[in-house]
Amino acid sequence: MSDPVTLSIATAVATGVATKLGEGANVLLGKLAQALTRRFARDPEAQSALVSARFEGPEQPRAIEVVAERLERAEEEDPEIRELVGRLRAEATRESDDSVSNVIEGNVSGNARVIMGRDFNGDIRP
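Predicted model only: the values in this text are computed from it and were never measured. (Residues numbered from 1 in each chain as written. Predicted model: local features only at pLDDT ≥ 70, side-chain atom pairs only at ≥ 80, totals over all residues. Heavy atoms only, no water.)

**A look at the side chain of Arg 39**
Following the sequence through the fold, Arg 39 ends up in helix H2 (residues 23–40). What Arg 39 contacts, discounting residues up to four positions off in sequence, is Arg 73, Ala 74, Glu 77, Asp 78 and Ile 81. (Helix = DSSP H or I, 4+ residues; strand = E, 2+ residues; numbered from the N terminus. Contact = heavy atoms within 4.5 Å.)

**Topic: the pattern of salt bridges**
Throughout the structure, instances matching the rule amount to seven salt bridges. Residues Glu 80 and Arg 38 are paired through a salt bridge, measuring 3.5 Å at the closest nitrogen-oxygen approach. One end of the pair, Glu 80, is in helix H5 (residues 79–93); the other, Arg 38, is in helix H2, and 42 residues separate them in sequence. For Glu 80, a relative accessible area of 39% corresponds to the partly exposed category. As a salt-bridge pair, Glu 77 and Arg 39 come within 2.2 Å of each other at their nearest N and O atoms. One end of the pair, Glu 77, is in helix H4 (residues 60–77); the other, Arg 39, is in helix H2, with 38 residues separating them in the sequence. (Salt bridge = Lys/Arg side-chain N within 4 Å of Asp/Glu carboxyl O. Buried < 20%, exposed > 50% of the residue type's maximum accessible area, 1.4 Å probe, protein only.)

**Digging into helix H1 (residues 4–15)**
For H1, spanning 12 residues, the distance from its first C-alpha to its last is 16 Å, which sits close to the expected 16 Å at 1.5 Å a residue. Turning to H1, its buried residues are Thr 6, Leu 7, Ile 9, Ala 10, Ala 12, Val 13 and Ala 14. Among the residues trailing H1, Gly 16 stands out with phi positive, at a value near 75°. (Expected span 1.5 Å × (residues − 1).)

**Quick look at the nonpolar core**
Membership of the largest hydrophobic core comes to 28 residues, with the highest contact counts inside it found for Leu 32, Leu 36, Leu 71 and Ile 81. Taken together, the elements giving at least two residues each to this core come down to H1, H2, helix H3 (44–53), H4 and H5. With residues near it in sequence (within four places) discarded, Leu 36 still touches Val 13, Leu 71, Ala 74 and Ile 81. (Core = buried A, V, L, I, M, F, W, Y, C linked by side-chain atoms within 4.5 Å.)

What follows is the structure in structure tokens.
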């Protein structure tokens, strides 16, 4: 199975949706989609997976996995795709100034409650 970032990139390429990436990343996704479309033209299974991944349905998760697998292979073999994926990977893993990182160390048990988040306003008691 592919790593989460590769799956995210494969999903964004297949569906055209990049929720947390900026404008520059959307341009990169477009270029990557074009490069993969050209490459997948020689691979019927990958081409079919790319189409299936665009539409919600029972086949979509497996189709995205196939796209991610072929993306990883293309990344190894094609310098243009490797460069585009590398730039997208950097965008996807870069934390912005307003990111939140919540960590729990130790045991939480019994009636203990842990509430993690950011920018709480008002009472958060149940």
